[in-house]
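Residue-level structure breakdown
Now for the letters of each chain:
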Amino acid sequence: MYSRGYKTLVSLPPLLWVGLFLLLPYALMLAHSFWAVREGILVQQWNLDNYAGLFSKPVYLGVLLRTMRIAASVTLCSLLLGYPLAYYLSFHAGARKELLYQLVIVPLWVSYLVRGYAWKTILGSEGVLNGFLQYLHLTHEPVAFLLYSPFAVVLMLTHIYTPFVFLPIYAALEHIPRPLVEASQDLGAGSAQTFLRVILPLSIPGLLAGATFAFVLSLGDFLAPLLVGGASGTMIANIVESLFGAAYDWPLGAAISVCILIITISLLFLSERLEKRWSYK
Amino acid sequence: MSSVAANSLDPASAAPAILLEVRGVAKRFGSRDVLRNISLNIAQGEFLTLLGESGSGKTTLLRLVAGFEEPTAGEIWMSGERLDTLPPYKRRVNTVFQHYALFPHLSVRENVAYGLRVKKTSAMEIGDRVDEALRMVKMQEFAASRPSKLSGGQQQRIALARALVNLPLLLLLDEPLSALDANLRKQMQSELKALQREIGITFLFVTHDQEEAMALSDRIALLRDGALEQVASPREIYAHPATAYTAQFIGQTNLLRGEILDGVARCGALEWPAGGPSGAAIFSLRPEAIRLAGDVVAPPGTARFRAALQQQFFSGANELLEVNCGLGQLVRVRISPHGPLSGEHDFVFSAADAIRVQE
C-alpha cells in the first residue's frame, strides 16, 4: 500500500493543473459574463444584460444557429465518409488494413493551418478546382461560392475531422467478435442483413463518440471560417474572438462562451448516456 | 488406414440415406495443408464426431461444411445438392459455436428468433417456434434476459435453441461443451444425446475429448494432421484400432513393438501365440485385458508373465497398476479394486486381445 504522504504528493500536480488552468479560467469566464463594460472600461457590476443582449440581438443568435448548422453538416459528412471507410478497413481490407489505417492517420500529423491554406489554393477563384472546371469548359468564369462560403467551411472541417470520426468507429468495429458475424450468416442473413442487424447496432457507441467529436470540435472552430469562410461563413467562435479583441466587450464574449460551454457539456452528457445505453459489456 | 471399410455402415441394418458427402476435400492455408483428401459420408440422423488433437483440422472441416471456408480441392454434397459452392446463409446447416456467439444486443428470445426473422417468417409462427425451442432446452423463463446475464451452461442451451429452431438438416457443433466445468459437461452431454434422439436431426460434433466422443457418437472420425486416421463406431474403434496412433488416442493402451517369429509374438519379456507372417509387428493390448493370474494354470491361447509392481493408482471403480516385466519394460494393467499390492505377481492375458495395429 502507498503511504498518505505519497498519495498526496502524486495527486498534487494534476490537481494544481486542473485548478489553475481549467477551473480558475472557467470561474473567471463565468464571472466576466455577469459584469459590464462602461465607457470602454470593464466594471465588476453584476447584471444579466449580456445574456439578455445575446438572445435579443438577432445577429448573435443567427451566427450561433449557422454555427450549429455547419457543425451538423460537418458531422453528417464526416460520418458518411468515416463510417464506410472504417467498415471497409475493419471487415474487408485484409492485408492492406495496416497501410490504409496509416494513410487515414497521416493527415493528422500535418498542421491544421497548412491544410487550411491548401483548401484556399484549391477553392480560390484562381485556384486548382476553378482552373480545372474552366479547362473542361464546364464553366467560363471562376465559380465564386467555392471559397469564402459556409460550403468551404464545411468542406475544410469535414476534411479535418473525418479521421476523428473514423477512429472511434473503427475501434468499435474492431471490437465486434467475428463469430457474431459468422453466426448471423449461419442463421441465414446475407451481408446487408448482417450489417443492419448485428454490425451497425454494435458499432453505435463508436458512431456516437465520432459524431460527438465532429460536432463539438466544429462548434468551437474559428480558424476554418477565418481562412475559407468569408463574411457568410462566420462562426460563433469568430464573434467571441472579436469581442475579446478589437470590439473589447469581454462580458458579452464571456456570456457567449458560457452558452457554447453549456451546449457542449449537454451534448457530451447526452452522448455518454446514449453510448452506455448501446454498449453491452 | 481403414476409412473406406469403416465408411460403409453395418451391413446387417438397412443402409440409412446418406445426408452429407465429403468428397476428396483438401484445404490449404498459405503453404500449410490443413486438410488432405478427406472423404466422409454422414448418414441421416447420425451423430458423427470429428475427433482430433488441436491442429488436426477438425474445426476447419466443420467450417468448410458451414461455409465459412472454401475447400482448396474436392466437393461437399448434401441431399444430392452441391453444398460447397453455396454461401453460408443459403445452407440448411446451423452451427453451435464454441463460445456460443450469442448476439449481446438482443434478448434470449430475439437471439432464438434471429434466423426466422431473417427469413421473414410470420410473427405468429416465430412466436410459436421460439417458445417451442426454448421449452426444448428448458429456458422459457429466461426469454427476456440478455445473454450476458446467463451462465455458461444457459448460454449453451440458448445457442442450441437458436440453431435448432431453424430445423437444419445438419447441426454443426464446434467443441460446444469445452467451456463448461466437468459436472455441467457430463449433464450437458446427456441432454445433448437425448435431444438428438428426440428430434432426429443429424449432428456433426467436433471435440478433442475422446471420452466425450465415445459417450455421444454413433461414429467417430479420428483426424490426425489433416487426414482421416480411422472412421468407426466407438466400440469398433476401441476394440479394433487400425493404427498405433488410434490405439493410443482412444482410451489407454499398451503399445507392444515386437516381432512375430514362427507363430509366436515377442515383445520384451512377453510372449504369446500370434498368426501372420514373421517380422516386426506392433500390438495394442488394453490394460483391462490383463488380469492377475492367481494360481490357476493359464489355459491355451493365453500368455502369462511375471512382473514387479511399480505404481498403483486407485480410482474407485478400478485400479491401474504399472508393472515392470524386467529390463525396464513397463506394462499397464487395469483390475477391479483389489487392495494394496506389492512385490512380484503373475499376470495373464488372452492372445486374442493383443490387437495388431499399423504404425
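Residues numbered from 1 in each chain as written. Chains lettered and ligands numbered in written order. Predicted model: local features only at pLDDT ≥ 70, side-chain atom pairs only at ≥ 80, totals over all residues.

1. Points about the overall build of chain B
Per the secondary structure count, chain B includes nine helices and 20 strands. Along the longest, intermediate and shortest principal axes, the C-alpha atoms of chain B span 75 × 45 × 40 Å. In chain B, buried positions account for 38% of the 359 residues. Sequence separation of 24 or more characterises 64% of the internal contacts of chain B that already satisfy a separation of 6 or more. (Helix = DSSP H or I, 4+ residues; strand = E, 2+ residues; numbered from the N terminus. Buried ≥ 20, exposed ≤ 12 C-beta atoms within 10 Å, placed from the backbone. Contact = placed C-beta atoms within 7 Å.)

2. Some points on the overall build of chain A
Per the secondary structure count, chain A includes twelve helices and two strands. Reading the secondary structure of chain A in the N-to-C direction produces α-β-β-α-α-α-α-α-α-α-α-α-α-α. For chain A, the spread of C-alpha atoms along the three principal axes comes to 75 × 75 × 35 Å. When burial is assessed residue by residue, chain A has 32% of its 281 residues classed as buried. Of the contacts made within chain A by residues no fewer than 6 positions apart, 72% connect residues no fewer than 24 positions apart.

3. Some words on the interface of chain B and chain A
The partner chain A presents 16 residues to the 18 residues of chain B that form the contact. Of all elements in the fold, only β6 (93–96) and α3 (108–118) of chain B reach the threshold of two or more residues within the side of chain B that touches chain A. A total of three residues in the side of chain B that touches chain A trace back to one element, the largest contributor, which is α3 of chain B. Within the side of chain B that touches chain A, the residues separate by chemical class into ten nonpolar, seven polar and one charged. (Nonpolar A, V, L, I, M, F, W, Y, C, P; charged D, E, K, R; others polar.)

4. A look at the pairing of strand β9 (residues 219–224) of chain B
Remember that side chains alternate between the two faces of the sheet whenever the strand is regular. All names here are of chain B. In terms of residue burial, β9 counts as a mostly covered element, since five of its six residues are buried. Where strand β3 (residues 47–51) lies against β9, four bridges are found, and the strand directions are parallel. In the strand pairing of β9, L48 is matched with R219. If you look at the hairpin formed by β9 and strand β10 (residues 227–232), you'll find two residues sitting between the two strands, and D225 has a positive phi there, around 50°. (Pairing = 2+ DSSP bridges.)

5. Quick look at helix α6 (residues 182–199) of chain B
Residue and element names in this part refer to chain B. In this model α6 runs 26 Å from its N-terminal to its C-terminal C-alpha over 18 residues, within 8% of the 26 Å that 1.5 Å per residue would give. Residues of α6 that are buried include every one of M188, L192 and Q196, and no others. The buried side chains of α6 occupy one side of the element, clustering within an arc of 70° when seen end-on. The exposed set on the far side of α6, more than 90 degrees from its buried face, consists of N183, S190, A194, R197 and E198. Considering only its buried residues, α6 is in contact with β3, α5 (152–164), β8 (202–207) and α7 (210–216). Looking one or two places after α6, you find G200, whose phi comes out positive at around 70°. (Expected span 1.5 Å × (residues − 1). Arc of directions from axis to C-beta.)

6. Here we look at the domain arrangement of chain B
When its domains are assigned, chain B resolves into domain 1 (3–241) and domain 2 (252–357). Each of domain 1 of chain B and domain 2 of chain B has a C-alpha centre, and the two are 39 Å apart. (Domains from an automatic or database assignment.)

7. Observations regarding the environment of F313 of chain B
Structurally, the position occupied by F313 of chain B is in strand β16 (residues 302–314). Considered as a pair, F313 of chain B and A159 of chain B are 154 residues apart in the sequence and their alpha carbons are 39 Å apart.

8. Some details on the packing of helix α9 (residues 191–219) of chain A against helix α12 (residues 250–277) of chain A
Residues and elements named next belong to chain A. Where α9 meets α12, the closest approach of the two axes is 9 Å, and the angle between their N-to-C directions is 175°. One element, α9, and the other, α12, form an angle in the roughly antiparallel class. Along its contact with α9, which presents P205, L208, A209, T212, F215, V216 and L219, the element α12 presents I260, T264, L267, L268, S271, L274 and E275. Here the residues of the contact of α9 with α12 are counted per class, giving ten nonpolar, three polar and one charged. (Axes fitted to C-alpha atoms, helices over the stretch in contact; angles between N-to-C directions. Parallel < 35°, antiparallel > 145°, perpendicular 65-115°, else oblique.)

9. Things to note about the sheet that holds strand β18 (residues 330–335) of chain B
Residue and element names in this part refer to chain B. Strands sit in the order β15-β19-β16-β17-β18 across an open sheet of five strands; the sheet is antiparallel. Every other strand in the sheet has two partners, leaving β15 (290–292) and β18 as the edge strands with one partner each. With direction set aside, neighbouring strand axes in the sheet form an average angle of 50°. Note: strand β17 (residues 319–324) against β18, six bridges, orientation antiparallel. The residue of β18 that forms the bridge with E319 is I335.

10. Examining the sheet that holds strand β1 (residues 18–29) of chain B
Residues and elements named next belong to chain B. Read across the open sheet, the four strands follow the order β2-β1-β4-β5; overall the sheet is antiparallel. Of all the strands in the sheet, just β2 (32–43) and β5 (81–82) have a single pairing partner and so form its edges. Taken together, the eight bridges between β1 and β2 define a ladder with antiparallel strand orientation. Opposite L20, over in β2, you have I42 as the bridge partner.

11. So, the environment of V165 of chain B
All names here are of chain B. Secondary-structure assignment places V165 in the loop between α5 and β7 (170–174). Taking the C-beta count within 10 Å as the criterion, V165 has 26 such neighbours and is therefore assigned buried. Separated by 36 residues in the primary sequence, V165 and R129 place their C-alpha atoms 6.5 Å from one another. What V165 contacts, discounting residues up to four positions off in sequence, is V112, G115, L116, R129, V130 and A133.

12. Topic: the packing of helix α1 (residues 4–32) of chain A against α12 of chain A
Residues and elements named next belong to chain A. Two elements in contact, α1 and α12, have axes whose closest approach is 7 Å; the angle formed by their N-to-C orientations is 115°. Of the two elements, α1 crosses α12, and the hand of that crossing is left-handed. Contacts from M29, L30 and H32 in α1 reach W250, P251, A254, S257 and V258 in α12. (Left-handed = near helix turned anticlockwise from the far one by under 90°.)

13. Re unusual backbone geometry
Residues and elements named next belong to chain B. Positive phi, normally seen in glycine, also occurs at N37, with a value near 45°. Looking at the element boundaries, N37 is found in strand β2. Backbone geometry places S79, a non-glycine residue, at a positive phi of 45°. Within the secondary structure layout, S79 lies in the loop between β4 (73–78) and β5. C-beta crowding within 10 Å serves as the criterion here: with 14 such atoms nearby, S79 is assigned to the partly exposed category.

14. A short note on the pairing of β17 of chain B
Residues and elements named next belong to chain B. Direction of pairing for β16 relative to β17: antiparallel, over a ladder of six bridges. Across the sheet, L309 pairs through a bridge with V323, a residue of β17. Linking two consecutive strands that pair antiparallel, namely β16 and β17, is a turn of four residues; a positive phi of about 90° is found at G316 within it. Taken together, β17 and the strand that follows it, β18, pair antiparallel across an intervening segment of five residues, in which G326 is found at a positive phi of about 105°.

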